[in-house]
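Secondary and tertiary structure notes
Read off the chains here:
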Amino acid sequence: MRTVPVVIVGAGPTGLTAAALLARYGVECLILERWESVYPQPRAVALDDEVHRILARLGLRDEFAAISRPHLGLRLLDRNMRVLAEFRRDTASGRHGYPQGSMFDQPELEAILRRNLERHDTVTFPGSAEVTALTQDAGGVRVDVTDTATGEQESVRAAWVLGCDGANGLSRAAIGAAMQDLGFTQRWLVIDVVTEADLGQWEGVHQLSDPARAGTYMRVGKTRYRWEFQLKPGETADDHRDMARLHPLISRWTGDIPVTELEVIRVAEYTFRAQVADRWRDRRVILLGDAAHLTPPFIGQGMCAGLRDAMNLAWKLAGVLDGTLAETALDTYETERKRHVRAMIKLAMVIGTAMTAGGEFGNVIRRAVAPRLHLVPGLTALATDSPTPPLHRSDLVVRPRLRRGLAGGLCPNAVIDGDRRFDDVAAGRFAVVTSVEPSTALRADIERRGAVLVIARPGSELHRWLGTGGARVAVVRPDGAVLRASRHLLPRTINAVPSVGG
């Protein structure tokens, strides 16, 4: 029986990202996925600049830019397609260095994630390998695998298993975890269309607040378009596969374009749910992505949450494997991520309910309130800016109890030198960002720990960022989150930095 440090169950975006991040730390991984090739139909179609930043860390900055298109933000429309409110996003470079929102075709993203793994000889990805059982003992996990092409069975021993096998995979059941329902279930029709015709629509997300049938429209790629419509009780996707039934739904956007120029790629029914697993880890099996949580799609955070999971966990697991972090560091993964993902799910529920609930009465309220939303303090920033909540307090997020400060938030991916940004300089290591010139001894201590020293010069973006938190020093983790911040650069500040190399 062969032994590997990490087995990753599932080769969706979360599993592929986790493998690539671990590979950057030299961790050997085996990815087990029952399907030989990428699933050809898109599911996720949007991501924000925080997650764009993760892809760039993998070396996919240019590849993702080639397959994605920045979107302008969100428009709320009434049943007559009149704009009730508009929330624009920055299509250039925000605080993370990338457009605040991007549209893409998921199969294309998965393809570049798979190709990226070919750069790493520490990653093995056989394909056609279905995991049938996970059995733990004191020393690790036995993973039973069946080759879906030949039927041949084998077992692999892993020190750690990452369950990235989605909502219906076996990893969650294998650790005895159960989904906790947060009280949101809606059935929606999802339609993907390809056309060379120009629809001439605003290049952002359109949210149709029609009491008869709520809907969403967005341009995904150069020729790909996505519509989503709420299904009525008793309806199914089969009721809309005929173009005669389908075309009236999408014609508000397609106008006079002949149906012969509209190629329907997929008509499917999805149940949008809001759920979080009651636990994400049992000893050496850890859940990520849809195996741990399900997010309604109204703010485009479903896939994003999975990639954030991978980013949060990978450096910690690498540190445990190389002995620079205690195994207890892995306890911070669920502590930090569960609070964050619940906050994002609840935001998606609020947005979804506000856009779809209430029937005719709800429509009257939306028509009256939406045009004035820009007058509500902070609401426009919430809708147009992309930062997500700071991480919850943990052993690796030292936050003061009486004020928020910078700890738990992300350090901006600021320009440091020429074209180089913070992430290019930090390169997956701990960083000490300071506006205080360190002593020779402190410089030597930072270097000895394998961390990076970044001086925040007066007038720079990082200097201004430190000032917003009332700090002069911030210890930034390999995932970009702030471990702790303070007004003084002291030896005890540097002691917070473990020796985790990049």
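For the structure, check the block above.
Residue indices begin from 1 for each chain and proceed along its sequence in written order. Predicted model: local features are reported for residues with pLDDT of at least 70 only, side-chain atom pairs are reported and counted for 80 or more only, and whole-chain, interface and lining totals are derived from all residues. Computation of side-chain values covers all heavy atoms of the structure but excludes hydrogens and water.

Turning to the packing of aromatic side chains, a few remarks are in order. Here the aromatic set is Phe, Tyr and Trp, taking the six-membered ring for Trp, and pairing holds for ring centres within 6.5 Å; pairs whose planes are under 30 degrees apart are stacked, those over 60 apart are edge-to-face, and all others are tilted. For the coordinates displayed, the defined rule picks out 13 aromatic pairs. Taking the centre distance of 6.3 Å and the plane angle of 15° together, the rings of Tyr217 and Tyr225 count as stacked. Of the two residues, Tyr217 and Tyr225, neither departs from the other in class, the shared state being buried. Seen in terms of ring centroids, Tyr217 and Trp227 are 5.3 Å apart; in terms of plane orientation they differ by 45°. Their pairing is tilted. Residue Tyr217 is found in strand β14 (residues 215–219), and its partner Trp227 is found in strand β15 (residues 224–230); the two are separated by 10 residues along the sequence. For the pair Tyr217 and Trp227, a shared accessibility class is recorded, and that class is buried. Here, over-ring charges are defined by two tests on the NZ atom of lysine or the CZ atom of arginine: distance to the ring centre within 6 Å, and angle to the ring normal within 35 degrees. Over the aromatic face of Trp35 sits the side chain of Arg34, whose NZ or CZ is 4.7 Å from the ring centroid. When a residue's accessible area, from a 1.4 Å probe over protein chains only, is under 20% of the maximum for its type it is buried; when over 50% it is exposed; and in between it is partly exposed. To qualify as a helix, a DSSP run of H or I must reach at least 4 residues; to qualify as a strand, a run of E must reach at least 2; elements of each kind are numbered from the N terminus.

The next point concerns the environment of Arg284. By the element assignment, Arg284 lies in the loop between β17 (281–282) and β18 (285–287). Remark: the alpha-carbon pair of Arg284 and Val141, spanning 143 residues in sequence, is separated by 7.0 Å. When checking whether two residues touch, look at their non-hydrogen atoms; a contact exists if any pair is within 4.5 Å. With near-sequence residues (within four places) excluded, Arg284 lies in contact with Gln136, Ala138, Gly139, Gly140, Val141, Ala159, Trp160, Val161 and Glu327. Polar contacts, as used here, are pairs of N or O atoms within 3.5 Å; protein pairs need one atom able to donate a hydrogen and one able to accept it. Residues neighboring in sequence count only if both atoms are side-chain atoms. Within the local environment of Arg284, its side chain forms a polar contact with the backbone oxygen of Ala159, the two atoms lying 3.0 Å apart.

Turning next to the pairing of β15. Consecutive side chains of a regular strand alternate in pointing toward one face of the sheet and then the other. Counting buried residues along β15, 6 of its 7 residues qualify, which places the element largely inside the surrounding structure. Here, a strand pair is defined by DSSP locating no fewer than two bridges between the strands. One ladder, built from 7 bridges, connects strand β12 (residues 179–194) with β15; its direction is antiparallel. From the neighbouring strand, Asp192 faces β15, where its bridge partner is Arg226. Strand direction decides the pairing type here: β14 and β15, joined by 5 bridges, are antiparallel.

With that settled, consider the sheet that holds strand β4 (residues 69–70). Taken in spatial order, the 3 strands make up an open sheet running β3-β7-β4, and their pairing is antiparallel. One side of each edge strand has no neighbouring strand; the edge strands of this open sheet are β3 (46–48) and β4. Alignment of β3 against strand β7 (residues 101–103), held across 3 bridges, turns out to be antiparallel. Each residue of the ladder has a partner; that of Asp48, found in β7, is Gly101.

In this section: helix α4 (residues 106–117). In a regular helix each residue adds 1.5 Å, so 12 residues correspond to 16 Å; α4 covers 17 Å between its end C-alpha atoms and thus fits that length. Extensive coverage of α4 is indicated by the burial of 9 of its 12 residues. Within α4, the full set of buried residues consists of Gln106, Pro107, Leu109, Glu110, Ile112, Leu113, Arg114, Asn116 and Leu117. On its buried side, α4 packs onto α1 (13–24), β2 (29–32), α2 (49–57), α3 (61–67), β8 (123–124) and α7 (302–322). One less than the number of residues in a helix, times 1.5 Å, gives the span that helix is expected to have.

Convention adopted: a line fitted to C-alpha atoms gives each axis, helices being fitted over their contacting stretch, and angles between N-to-C directions are expressed from 0 to 180 degrees. Relative orientation of the contacting elements α1 and α7 amounts to 25°, with a least axis distance of 9 Å. With respect to their mutual orientation, α1 and α7 come out roughly parallel. Here α1 runs over α7; the crossing is right-handed. Facing Pro13, Thr14, Thr17, Ala18, Leu21 and Leu22 of α1, the residues of α7 in contact are Met303, Gly306, Leu307, Ala310, Met311, Ala314, Leu317 and Ala318. Note on residue categories: nonpolar means Ala, Val, Leu, Ile, Met, Phe, Trp, Tyr, Cys or Pro, charged means Asp, Glu, Lys or Arg, and polar means any other residue, Gly included. In terms of residue class, the contact of α1 with α7 is built from 11 nonpolar, 3 polar and no charged. Any angle from 65 to 115 degrees is called roughly perpendicular, while one under 35 is roughly parallel, one over 145 is roughly antiparallel, and all others are oblique. If you view the pair so one helix is near and one far, a crossing is left-handed when the near helix is turned anticlockwise from the far one by less than a right angle, and right-handed when it is turned clockwise.

When a carboxyl oxygen of Asp or Glu is within 4 Å of a side-chain nitrogen of Lys or Arg, the pair counts as a salt bridge. According to the stated counting rule, one finds 36 salt bridges in the structure shown. A salt bridge links Arg283 to Asp282, with the nearest nitrogen and oxygen atoms 3.1 Å apart. A single network of salt bridges, built from pairs that share partners, joins Asp192, Arg226, Glu228 and Arg266.

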